[in-house]
Amino acid sequence: MTSFSIGDTDFLRDGQPHQVISGALHYFRVHPDQWQDRIRKARLMGLNTIETYVAWNAHEPRRGEWDATGWNDLGRFLDLVHAEGLDAIVRPGPYICAEWHNGGLPNWLTAGERSLRSSDPEFLVDISAYLRRVYEIVAPRQVDRGGPVVLVQIENEYGAYGSDKAYLEALVTLTKDAGITVPLTTVDQPVDQMLEDGSLPALHKTGSFGSRTTERLATLRAHQPTGPLMCSEFWDGWFDWWGGVHHTTEVDAAAADLDAMLSAGASVNIYMFHGGTNFGLTNGANHKGRYLPIVTSYDYDAPLDEAGNPTAKFFAFRDVIAKYAPVPEELPTAASPSPTLTVPLTPVGAWTDAPAADAATETPRTFDALAHLSALARYDVALPPTEGPGLLSLEEVRDLAWVQVDGQPIGTLSRTRHDRTLRIPAGRTLSILVEDQGRVNYDHRLGEEKGLLGTPTLDGILLTGWHSTPLDVAEIARTLAARTDAAEAGSGPSAWIGDIPLDAPSDLFLDTTAWSKGYAFVNGFFLGRYWRNGPQRTLFVPAPATRAGNNRLVVLELENLLAPHAELVAGLLLGDTEE
Ligand code: GLA
């Protein structure tokens with residue numbers, strides 16, 4: 001059995017000084033049939049370790065319905081890492097940030113009264129059940145039991161959020177009681193207060209940063225006077241949000257920073273080695289005075305791009321690593337070209353017009369009150385008789401709303417734009433379709449309710465008697481996929497189907513430039529959100545979601561298609577970068 005511990009100046013692997021050269025790869029952002037390919041490429045870049053978070057809300061979206069199979073098979077992921085001869089680092093949160101919805105916390109958890117990320121007894125009860133389940137998978141796979149796991153992280157950048165030491169202590173106790181014997185770490189941004197608040201003397205402090213390596217390591221050293229220096233998140237790129245630019249970093253500068261890290265003898269986890277995709281509705285959001293939802297791609301400008309292909313950064317990092325550690329001579333095989341073709345789309349009608357929920361309530365019900373996990377809800381209310389137009393006023397829309405009166409589109413209200421009011425014509429029924437664009441994953445807005453907040457008014461008069469109808473977009477797509485007959489939609493949202501003919505399964509790049517806003521599915525696999533707002537243009541279709549023959553594409557469009565077809569293009573189009 002291998003031993004792994006923290007020495008006076010270094011990590012010790014079987015008693016020998018060991019530099020961890022790790023890369024982040026989130027199993028929940030990559031199709032499970034492609035895990036092995038990405039892990040192998042990590043080894044070929046010279047990495048000796050793979051790091052992953054654990055996304056609680058992927059495993060247990062509904063309370064008690066725990067799943068650790070298929071996409072959630074963390075055990076299989078760790079076994080593949082091991083089979084490739086690599087070590088593993090596990091960061092189970094429970095809060096993970098990661099541009100992942102709600103920072104990894106399940107909606108059912110954050111909908112309650114618990115005080116999050118604290119020693120609130122109720123919160124501790126829930127997280128202990130979660131951690132027990134995760135550690136049942138992780139504990140037998142620790143390095144001293146013949147597995148790959150060498151480090152486990154406690155919480156995540158906790159010093160940027162709170163300073164409840166009893167909470168951190170409870171996490172450590174839970175972790176140790178569950179049989180975790182490998183060293184425990186914390187990560188914080190290299191800011192004195194954060195490094196102090198986010199850790200305990202018994203935990204090994206590490207940092208998260210992407211530049212000014214020497215200075216940041218010195219800050220870290222002041223707080224972690226002994227043992228190895230480690231950057232647990234060396235940011236080699238960045239994430240994108242809708243309406244922003246596509247972020248990239250200079251290859252040479254990133255390589256130079258990595259070089260500085262390794263030459264200082266520091267251990268590193270490159271965040272990300274391969275970002276992957278926020279498939280389905282899994283993206284998070286930021287809100288620092290303005291709500292900015294994360295795009296579907298999590299390419300991150302990482303060494304492997306969103307489709308798992310090596311970029312210039314891969315080869316530059318490989319060269320740097322080769323100065324400090326053995327790097328296999330083998331290079332990743334080049335990707336086979338993806339088919340490019342145009343697929344005609346057939347309209348199959350409206351898709352947001354499900355019958356209104358029976359019971360009316362005084363106030364619109366939030367997604368949380370409805371225990372609704374999908375992207376949309378429709379709110380219908382009878383309008384009082386009025387002579388002419390009136391001013392509709394809302395407390396807050398979370399996050400984007402399409403307003404109709406008697407089936408006619410009137411306008412949209414956006415949280416990002418801080419919209420609160422809209423002039424609407426007289427009519428009988430007001431319908432507001434509201435999209436949850438992704439839950440905030442950083443800071444104190446975790447667990448915010450989604451939908452229509454408060455009671456809307458018309459010219460200052462409360463509108464009451466709301467029917468709140470949850471719409472499950474994946475379920476709607478499933479039903480529509482079987483349609484064969486065309487049906488024109490009205491002026492509102494429209495659904496479209498098409499067939500992509502393939503000779504063999506293949507990664508595909510679906511260009512959404514001619515569409516406005518919505519969701520796309522291939523063979524029932526939920527690719528994610530698209531939006532003309534950009535920067536992202538293509539949706540990545542992983543080969544294992546395709547097959548030889550026809551592949552049924554379903555597009556649920558909320559606004560309009562500029563052309564009734566789908567384009568498959570040769571590669572990723574992630575949008576304009578900053579000049
Ligand atoms: C922090 C978090 C990560 C991620 C990065 C930004 O370091 O710990 O989960 O959100 O920021 O990508």
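- An unreviewed UniProt entry lists the chain under the name Beta-galactosidase, with Microbacterium saperdae given as the organism.
- Taken from UniProt, the Sequence similarities (unreviewed entry) comment for the chain reads in full: "Belongs to the glycosyl hydrolase 35 family."

**So, the site of the ligand**
Here's step 1: Taken together, 14 residues are adjacent to the ligand, and Tyr-53, Ala-98, Glu-99, Glu-233 and Tyr-300 come closest.
Here's step 2: In this structure, an oxygen atom belonging to the ligand sits 2.8 Å away from a main-chain N or O atom of Ala-98.
Here's step 3: Burial of the ligand by the protein amounts to 96% of the accessible area it has alone, namely 310 Å².
Here's step 4: When its residues are assigned to classes, the shell around the ligand shows 10 nonpolar, 1 polar and 3 charged.

**Concerning the packing of helix α3 (residues 74-83) against helix α5 (residues 121-138)**
Here's step 1: Direction vectors running N to C along α3 and α5 enclose 30 degrees, while the axes themselves pass 9 Å from each other. Between α3 and α5, the interaxial angle falls into the category roughly parallel. The interaxial crossing formed by α3 with α5 has right-handed handedness. Contact residues: α3 offers Leu-74, Gly-75 and Leu-78, while α5 offers Val-134, Ile-137 and Val-138.
Here's step 2: Here the residues of the contact of α3 with α5 sort into 5 nonpolar, 1 polar and no charged.

**Re the UniProt feature "domain: Glycoside hydrolase 35 catalytic" (unreviewed entry) in the chain**
Here's step 1: Here, the residues flagged by UniProt with the feature "domain: Glycoside hydrolase 35 catalytic" (unreviewed entry) are residues 11-323.
Here's step 2: The annotated region residues 11-323 carries 32% helix and 19% strand content, and the separation between its end C-alpha atoms amounts to 19 Å.

**Digging into the sheet that holds strand β17 (residues 390-393)**
Here's step 1: Pairing in this open sheet of 4 strands is antiparallel, and the strands run β21-β17-β25-β26 from one edge to the other. Edge strands, defined here as strands with exactly one partner in the open sheet, are β21 (421-424) and β26 (461-462).
Here's step 2: When β17 meets β21, the two strands line up antiparallel, connected through 4 bridges. Of the residues in β21, the one forming a bridge with Ser-393 is Thr-421.

**Digging into the pattern of salt bridges**
Here's step 1: A complete count under the given rule lists 31 salt bridges for this structure.
Here's step 2: A salt bridge links Glu-435 to Lys-517, with the shortest nitrogen-to-oxygen separation between them at 2.8 Å. One end of the pair, Glu-435, is in strand β22 (residues 429-435); the other, Lys-517, is in strand β30 (residues 517-522), with 82 residues separating them in the sequence.
Here's step 3: Of the residues examined, Lys-517 reaches a relative accessible area of 2% and is grouped as buried.
Here's step 4: Asp-485 serves as the salt-bridge partner of Arg-483, at 3.7 Å between the closest nitrogen and oxygen.
Here's step 5: Of the residues examined, Asp-485 reaches a relative accessible area of 43% and is grouped as partly exposed.
Here's step 6: It is possible to trace a salt-bridge network through shared partners that takes in Asp-368, Glu-396, Arg-398, Asp-399, Arg-415, Asp-436, Arg-439, Arg-445, Glu-448 and Lys-450.

**Considering the nonpolar core**
Here's step 1: Grouped together as the largest cluster of nonpolar side chains are 99 residues, with contacts concentrated most on Phe-77, Val-138, Leu-258 and Val-268.
Here's step 2: Counting residues per element, this core draws most heavily on α5, at 9 residues.
Here's step 3: Beyond its immediate chain neighbours, meaning those up to four positions away, Val-138 contacts Leu-74, Leu-78, Val-90, Val-149, Val-152 and Ile-180.
Here's step 4: The next biggest cluster of nonpolar side chains, apart from the first, holds 26 residues, and it includes Ala-307, Ile-500, Leu-553 and Val-555.

**Topic: the sheet that holds strand β27 (residues 467-471)**
Here's step 1: Taken in spatial order, the 5 strands line up as β20-β19-β22-β16-β27 in an open sheet, and their pairing is antiparallel. Two strands lie at the open edges of the sheet, namely β20 (408-414) and β27, each paired on one side alone. When the angles between neighbouring strand axes are averaged without regard to direction, this sheet yields 20 degrees.
Here's step 2: Pairing between strand β19 (residues 400-405) and β22: 6 bridges, direction antiparallel.

**Some words on helix α1 (residues 35-45)**
Here's step 1: By the burial criterion, the buried members of α1 are Trp-35, Arg-38, Ile-39, Lys-41, Ala-42, Leu-44 and Met-45.
Here's step 2: Buried positions along α1 lie against β4 (21-25), β5 (49-53), α3, β11 (267-274), α10 (312-322) and β32 (538-541).
Here's step 3: Gly-46 sits one or two residues past α1 and shows a positive phi near 105 degrees.

**Some details on the side chain of Ser-374**
Here's step 1: Mapping Ser-374 onto the fold places it in the loop between β15 (346-349) and β16 (376-382).
Here's step 2: Residue classification places Ser-374 among the buried positions, given a relative accessible area of 9%.
Here's step 3: In terms of polar contacts, Ser-374 uses its side chain to reach the backbone amide nitrogen of Val-473, at 3.0 Å.

**Focus: the UniProt feature "domain: Beta-galactosidase galactose-binding" (unreviewed entry) in the chain**
Here's step 1: What UniProt calls "domain: Beta-galactosidase galactose-binding" (unreviewed entry) maps, in this numbering, to residues 503-551.
Here's step 2: From the first C-alpha to the last, residues 503-551 spans 11 Å; its make-up is 0% helix and 49% strand.

**Focus on the pairing of β32**
Here's step 1: A two-sided burial pattern is seen for β32, the buried positions comprising Thr-538 and Phe-540 on one face and Leu-539 and Val-541 on the other.
Here's step 2: Note that strand β29 (residues 508-511) and β32 share 4 bridges and pair antiparallel. Residue Leu-510 lies in a different strand from β32, and its bridge partner there is Leu-539.

**As for the packing of aromatic side chains**
Here's step 1: Scanning the model with the defined rule gives 30 aromatic pairs in all.
Here's step 2: Note on Tyr-271 and Tyr-300: the rings are 5.3 Å apart at their centroids and 80 degrees apart in plane angle, and the pair reads as edge-to-face. With Tyr-271 in strand β11 and Tyr-300 in the loop between β13 (291-293) and α10, the pair connects residues that are 29 residues apart, well separated along the chain. Pair check on accessibility: Tyr-271 and Tyr-300 agree, each one buried.
Here's step 3: Through successive ring pairs, a cluster of aromatic residues spans Tyr-53, Trp-235, Trp-238, Phe-239, Trp-241, Tyr-271, Tyr-298 and Tyr-300.
Here's step 4: Positioned over the ring face of Tyr-95 is Arg-117, at 3.5 Å from the centre of the ring.

**Quick notes on helix α6 (residues 165-177)**
Here's step 1: In this model α6 runs 18 Å from its N-terminal to its C-terminal C-alpha over 13 residues, within 8% of the 18 Å that 1.5 Å per residue would give.
Here's step 2: Within the sequence span of α6, burial applies to Tyr-167, Leu-168, Ala-170, Leu-171, Val-172 and Thr-175.
Here's step 3: In this structure, the buried side of α6 is in contact with α5, β7 (149-153), β8 (184-188) and α7 (192-197).
Here's step 4: Once α6 finishes, Gly-179 follows within two positions and takes phi at roughly 90 degrees, a positive value.

Reading the values: rules and limits
- Residues numbered from 1 in each chain as written.
- Predicted model: local features only at pLDDT ≥ 70, side-chain atom pairs only at ≥ 80, totals over all residues.
- Heavy atoms only, no water.
- UniProt positions renumbered as here; feature names shortened; annotations may be inferred.
- Near = heavy atom within 4 Å.
- Polar contact = N/O pair within 3.5 Å; in protein donor to acceptor, adjacent residues only side chain to side chain.
- Areas by Shrake-Rupley, 256 points an atom, 1.4 Å probe, with all protein chains shown as cover.
- Nonpolar A, V, L, I, M, F, W, Y, C, P; charged D, E, K, R; others polar.
- Axes fitted to C-alpha atoms, helices over the stretch in contact; angles between N-to-C directions.
- Helix = DSSP H or I, 4+ residues; strand = E, 2+ residues; numbered from the N terminus.
- Parallel < 35°, antiparallel > 145°, perpendicular 65-115°, else oblique.
- Left-handed = near helix turned anticlockwise from the far one by under 90°.
- Contact = heavy atoms within 4.5 Å.
- Pairing = 2+ DSSP bridges.
- Salt bridge = Lys/Arg side-chain N within 4 Å of Asp/Glu carboxyl O.
- Buried < 20%, exposed > 50% of the residue type's maximum accessible area, 1.4 Å probe, protein only.
- Core = buried A, V, L, I, M, F, W, Y, C linked by side-chain atoms within 4.5 Å.
- Phe/Tyr/Trp six-rings, centres within 6.5 Å; stacked < 30°, edge-to-face > 60°.
- Lys NZ or Arg CZ within 6 Å of the ring centre and 35° of its normal.
- Expected span 1.5 Å × (residues − 1).

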